[in-house]
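Topology and contacts: notes
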Amino acid sequence: MTWFCKARYVAMSPESNQEQFAAHARGVLYRVLYEQAYFDDPGSVDNVVTGVRAGETARAVPRLPLRMAIADRSVAVLPLASSAGPGNPKELQAALVRESSLLEALIDLFERYWEVGAPLRVTEEGRIGGAGPEEPAPLAPEDRHLLSLMVAGLTDEAIAGQLRVSKRTVQRRVQGLMGLAGVATRMQLGWHAARRDWL
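On a predicted model such as this, the values are computed, not experimentally measured, just so you know. Per chain, the residues get numbers from 1 upward, laid out in the order the sequence is written. Thresholds applied to this predicted model are a pLDDT of at least 70 for local features of residues and 80 or more for the giving and counting of side-chain atom pairs; totals over whole chains, interfaces and linings are not thresholded and use all residues. Side-chain measures were taken over the full set of non-hydrogen atoms in the model, leaving aside hydrogen atoms and water.

1. Overview of the packing of aromatic side chains
Any two rings among Phe, Tyr and Trp, with Trp reduced to its six-membered ring, count as a pair given centres within 6.5 Å; such a pair is stacked if its planes are under 30 degrees apart, edge-to-face if over 60, and tilted if neither. Scanning the entire structure with this criterion turns up six aromatic pairs. With a centroid separation of 4.8 Å and 45° between ring planes, the pair formed by tyrosine 34 and tyrosine 38 is classed as tilted. The same class applies to tyrosine 34 as to tyrosine 38, namely buried. Summarising the aromatic geometry, the rings of tyrosine 38 and phenylalanine 39 are spaced 5.6 Å apart at their centres and angled 85° between planes, so their arrangement reads as edge-to-face. By definition, being over a ring means that NZ of Lys or CZ of Arg is both within 6 Å of the ring centre and within 35 degrees of the ring normal. Over the ring of tryptophan 114 we find arginine 31; its NZ or CZ atom is 5.0 Å from the centre of that ring. Burial status follows relative accessibility: with a 1.4 Å probe on protein chains alone, a residue under 20% of its type maximum counts as buried, one over 50% as exposed, and anything between as partly exposed.

Spelled out as structure tokens, the structure:
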């Protein structure tokens, strides 16, 4: 399941969404993107903490363009009601999009936002980690150097030559930095490195 979660729900309050936890128990994976305004809603932080602890992978972005859920990359649901309040019950309330070029575009839209989203982690105290004391310690100078070479577009072989280490060591260190940033690709690592002033 992939979700765009905007502020001010229009269909069902997050507290009433018990199906997600039953789905987690069945092994269903959830990737959820939250827009910043979502966290202004009462109880929203607690809801995200509960979801992440249950197995949800969550990220945050400044703003999302629409509300959306996609299941198994084969069907999407898009509520059409305005966030200003419930719509007229006689009017169309949601769109169901099955396999089509529109669904492929919606999947791509989710993935683009996912790439730039900031990972949301939960601390032992039950808070969402982020900027502040929970942020990882500054990078060592050698890691900054490696990142600068990677972002400049050098190959692993060229980076290894510059750093006088093996290609395997470069790949291991890049994987370690990806784990530290909580990202899955080198493109995401470059974005997070710039965002966190690692370069």
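There is more to say after this.
2. Remarks on the environment of isoleucine 128
Segments assigned H or I by DSSP are reported as helices when at least four residues long, segments assigned E as strands when at least two residues long, and all are numbered from the N terminus. Take isoleucine 128: it is sitting in strand E8 (residues 128-129). Residues isoleucine 128 and valine 49 lie 79 residues apart in sequence; the distance between their C-alpha atoms is 6.8 Å. Ignoring any residue separated from it by four or fewer positions in sequence, one finds isoleucine 128 in contact with Phe39, Val45, Val48, Val49, Leu120 and Arg121. Working rule for contacts: check all heavy atoms of both residues, and any pair within 4.5 Å makes them a contact.

3. A few points about the nonpolar core
Residues grouped as a nonpolar core are buried Ala, Val, Leu, Ile, Met, Phe, Trp, Tyr and Cys residues, joined through side-chain atoms within 4.5 Å. Within the largest apolar cluster, 17 residues are counted, with the highest numbers of intra-cluster contacts made by Leu146, Leu147, Ile159, Val174, Leu189 and Trp198. Only helix H4 (141-151), helix H5 (156-163), helix H6 (167-181) and helix H7 (186-195) provide two or more residues apiece to this core. Take this core: its biggest share by element is five residues, from H6. Residue contacts for valine 174: discarding those within four places in its chain leaves Leu146, Met150, Arg186 and Leu189. Core analysis: the next-biggest nonpolar cluster, separate from the first, contains 14 residues, Leu64, Ile70, Leu103 and Ile107 among them.

4. A closer look at the pattern of salt bridges
Between Lys or Arg on one side and Asp or Glu on the other, a salt bridge is scored when a side-chain nitrogen of the former is within 4 Å of a carboxyl oxygen of the latter. Within the structure shown, the criterion is met by seven salt bridges. A salt bridge links glutamate 35 to lysine 6; the shortest N-O distance between them is 3.2 Å. One end of the pair, glutamate 35, is in strand E2 (residues 31-35); the other, lysine 6, is in the loop between strand E1 (2-5) and helix H1 (19-25), and 29 residues separate them in sequence. Note on glutamate 35: relative accessible area 5%, which makes it buried. A salt bridge links arginine 73 to glutamate 111; the nearest nitrogen and oxygen atoms lie 3.4 Å apart. Here arginine 73, found in the loop between strand E4 (68-71) and strand E5 (75-79), pairs with glutamate 111, found in helix H3 (residues 101-116); they are 38 residues apart in sequence, far enough to count as distant. Among the charged side chains, a network of salt bridges with common partners joins Arg31, Arg73 and Glu111.

5. Regarding the environment of valine 45
Within the fold, valine 45 resides in helix H2 (residues 44-54). When its relative accessible area of 34% is taken as the criterion, valine 45 is described as partly exposed. The contacts of valine 45, once residues within four sequence positions are left out, are Phe39 and Ile128.

6. A look at unusual backbone geometry
Although it is not a glycine, aspartate 72 sits at a positive phi angle of roughly 55°. A positive phi angle, close to 55°, is found at arginine 73, a residue other than glycine.

7. A few points about the packing of H4 against H6
Inter-axis angles, ranging from 0 to 180 degrees, are taken between N-to-C directions of lines fitted to C-alpha atoms, where helices are fitted over the stretch in contact. Packing of H4 against H6 brings their axes to within 11 Å, and their N-to-C directions diverge by 100°. Comparing the axis directions of H4 and H6 gives the class roughly perpendicular. Contacts from Glu142, Asp143, Leu146, Leu147 and Met150 in H4 reach Val170, Arg173, Val174 and Leu177 in H6. Residues are sorted three ways: Asp, Glu, Lys and Arg are charged, Ala, Val, Leu, Ile, Met, Phe, Trp, Tyr, Cys and Pro are nonpolar, and all the rest, Gly among them, are polar. Here the residues of the contact of H4 with H6 sort into six nonpolar, no polar and three charged. Just so you know how the angles are binned, under 35 degrees is roughly parallel, over 145 roughly antiparallel, 65 to 115 roughly perpendicular, and the rest oblique.

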